[in-house]
Amino acid sequence: MSTLTVAVLQTALVWQDCPANIQQLTAQLATLKPVDLIVLPEMFASGFSMDSTQIAEPEPGPALCWMQAQAVQYQCAITGSLAVRTQAGALVNRLYFVTPDGQVQHYDKRHLFRMAGEHQAYQAAASGLLSVIAAGVCYCRFVTICAFRYLAVIAATTMR
């Protein structure tokens, strides 16, 4: 039987400061033992901000490019969400799943957190993706990890 080794990263995110957050997470990744999957917090580059017009990255943006580089460097899958401005101009909370060879799949959050006003800042996805494995993170007031907030598509061949 194969074992899936997962690292769930948590950090005190720097509010709306993508370079600082990537720097912190890069330092955390350097301390990890080899894993199959790294799970980053929801909106790991900015914090759970509703200032979507200011923080949304283009597709692809610097945080996604960083995820791809880390997945290739550490030869593992990595998942986490970002505020993204799609090519069509929509603002979405997008979960990316990057494979060890740098390939990218994504899921746009469908059920937005109304009590934080997320439904006013981001567009909900029209449909979701089914997954082989569900991985989830939720950015809460006290920066806690909650399982199954999002679904990520993971191909059976990803975890060798």
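Cut-offs applied
Residues numbered from 1 in each chain as written. Predicted model: local features only at pLDDT ≥ 70, side-chain atom pairs only at ≥ 80, totals over all residues. Heavy atoms only, no water. Helix = DSSP H or I, 4+ residues; strand = E, 2+ residues; numbered from the N terminus. Expected span 1.5 Å × (residues − 1). Contact = heavy atoms within 4.5 Å. Polar contact = N/O pair within 3.5 Å; in protein donor to acceptor, adjacent residues only side chain to side chain. Salt bridge = Lys/Arg side-chain N within 4 Å of Asp/Glu carboxyl O. Buried < 20%, exposed > 50% of the residue type's maximum accessible area, 1.4 Å probe, protein only. Pairing = 2+ DSSP bridges. Axes fitted to C-alpha atoms, helices over the stretch in contact; angles between N-to-C directions.

A. Spotlight on helix α1 (residues 18-29). If you check α1, its first and last C-alpha atoms are 16 Å apart, about what twelve residues at 1.5 Å a residue would give, namely 16 Å. Here the buried face of α1 lies against β2 (37-39) and α3 (62-74). Two or three places before A20, at the opening of α1, D17 has a side-chain oxygen 3.2 Å from that residue's backbone nitrogen.

B. Expanded view of the pattern of salt bridges. Counted by the stated rule, this structure contains four salt bridges. A salt bridge links E42 to K109; its shortest N-O distance comes to 2.9 Å. With E42 in the loop between β2 and α2 (52-55) and K109 in the loop between β5 (104-108) and α4 (118-121), this residue pair connects regions lying 67 residues apart in the sequence. A relative accessible area of 1% means that E42 is categorised as buried. In this structure, a network of salt bridges that share partners links the residues E42, K109 and E118.

C. Representation of the sheet that holds strand β3 (residues 77-85). With respect to topology, five strands assemble into an open sheet ordered β1-β2-β3-β4-β5, the strand pairing being mixed. Of all the strands in the sheet, just β1 (6-8) and β5 have a single pairing partner and so form its edges. Strand-to-strand, the axes of this sheet are offset by a mean angle of 25°, without reference to chain direction. By the bridge criterion, three bridges tie β2 to β3 in an arrangement that is parallel. The residue of β3 that forms the bridge with L37 is A77. Contacts from α3 reach β3, β4 (91-98) and β5, with the element oriented near 170° to β3.

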